[in-house]
Structures are given as structure tokens and as C-alpha cells.
Amino acid sequence: MWGDYARTLIVENGKIVKDVEQRQNDEWRNGLKMEVYLHEAMLGFVNENTNFEALFYYINDQIKARGYVNLDFLGNLGHSIVKDKKHRIYIEKGNTEKLSAVEAFTFEPHISLPGSLYGYKKENIYGFNGGVLTEL
């Protein structure tokens, strides 16, 4: 059994600040708001015919257009959910498999502002239900 789950947690004055708008540090607040935006953009972009590669290019364009960089060491943005990790496929360049062909997938952009000491990540799992992409 294995699993992963990524969230950026912000600690200010010794406490985790859950409400994005309550964060005192502008860079941190904006980074987490960018993560929310990317998940919303993904949901608005993906349909049953969208493939992994198209999502890769679309989201990387969104990241770059808003002044951020993709920090993932492999450059991907998530992966299929499978029983055996060896069978994962990734949201990456060259993967033309349709997102709707897998039972579920993670979407987990790892971003930062260029030259910043801080990075941000939010991972959710998505799948198609009746032809509609939903968070699982």
C-alpha cells in the first residue's frame, strides 16, 4: 500500500493559517491563490476528449503567463491513479492518452515565482462521472 497527498501549509505566528485571505505574507497568499486558480482553469479546460499532453501545455502556459515557474523535477503536473505505481502515466509532454481513459488522476502543479525561496503545491484527485470531470 502506498499513497501521496500534497498541500502547502502556511504557518504564521506559530499557527497554521487555513483561510487564504488571512495570510499576512503577500507572496504566500498569492501563491496559494494561484494554485486555486490553476485547479479552476484545469476544470474549465478539460473535457472527455482532452489528453494528458494538451492539459500539460495549457496549464504550463497559464503558469508562465502569470509569472510563475513549474518546479516539478520531471516537469509534469500529475499522474493517473493506478494500483501499481509502475503503470502510472503522467500529465506531460508526449502523453496523448485521453484523461477520460483513466479511472482517476491527480492534478498537482508545483509552482514558484522565479528566484523565490518558496514553492506551492495543491493536489486533488479528479475523474469523470457521467462525462463530467469532478473532484473525487
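Residues numbered from 1 in each chain as written. Predicted model: local features only at pLDDT ≥ 70, side-chain atom pairs only at ≥ 80, totals over all residues. Heavy atoms only, no water.

Student: Describe in detail the environment of V132, supporting the description with residues and values.
Tutor: Mapping V132 onto the fold places it in strand β8 (residues 132-135). In this structure the C-alpha to C-alpha distance between V132 and K86, which are 46 residues apart in sequence, comes to 27 Å. (Helix = DSSP H or I, 4+ residues; strand = E, 2+ residues; numbered from the N terminus.)

Student: Report on the packing of aromatic side chains, specifying residues and quantitative values.
Tutor: This model, assessed by the stated rule, comprises five aromatic pairs. Judged by centre distance (6.3 Å) and plane angle (65°), the rings of F52 and F105 are edge-to-face. With F52 in helix α2 (residues 52-65) and F105 in strand β4 (residues 105-107), this pair connects stretches of sequence that are 53 residues apart. Of the residues examined, F52 reaches a relative accessible area of 0% and is grouped as buried. Members of the aromatic cluster, joined through ring pairs, are F52, F105 and Y126. (Phe/Tyr/Trp six-rings, centres within 6.5 Å; stacked < 30°, edge-to-face > 60°. Buried < 20%, exposed > 50% of the residue type's maximum accessible area, 1.4 Å probe, protein only.)

Student: Which residues make up the packing of helix α1 (residues 26-45) against α2, and what are the values?
Tutor: Interhelical geometry of α1 versus α2 gives an angle of 145° and a closest axis separation of 10 Å. Once α1 is placed against α2, the crossing between them reads as right-handed. Side by side, α1 and α2 meet where M34, Y37, L38, A41, M42 and F45 of the first sit next to A54, L55, Y58, I59, Q62 and I63 of the second. Looking at the contact of α1 with α2 residue by residue, the classes come out as eleven nonpolar, one polar and no charged. (Axes fitted to C-alpha atoms, helices over the stretch in contact; angles between N-to-C directions. Left-handed = near helix turned anticlockwise from the far one by under 90°. Contact = heavy atoms within 4.5 Å. Nonpolar A, V, L, I, M, F, W, Y, C, P; charged D, E, K, R; others polar.)

Structural measurements only, silent on function.
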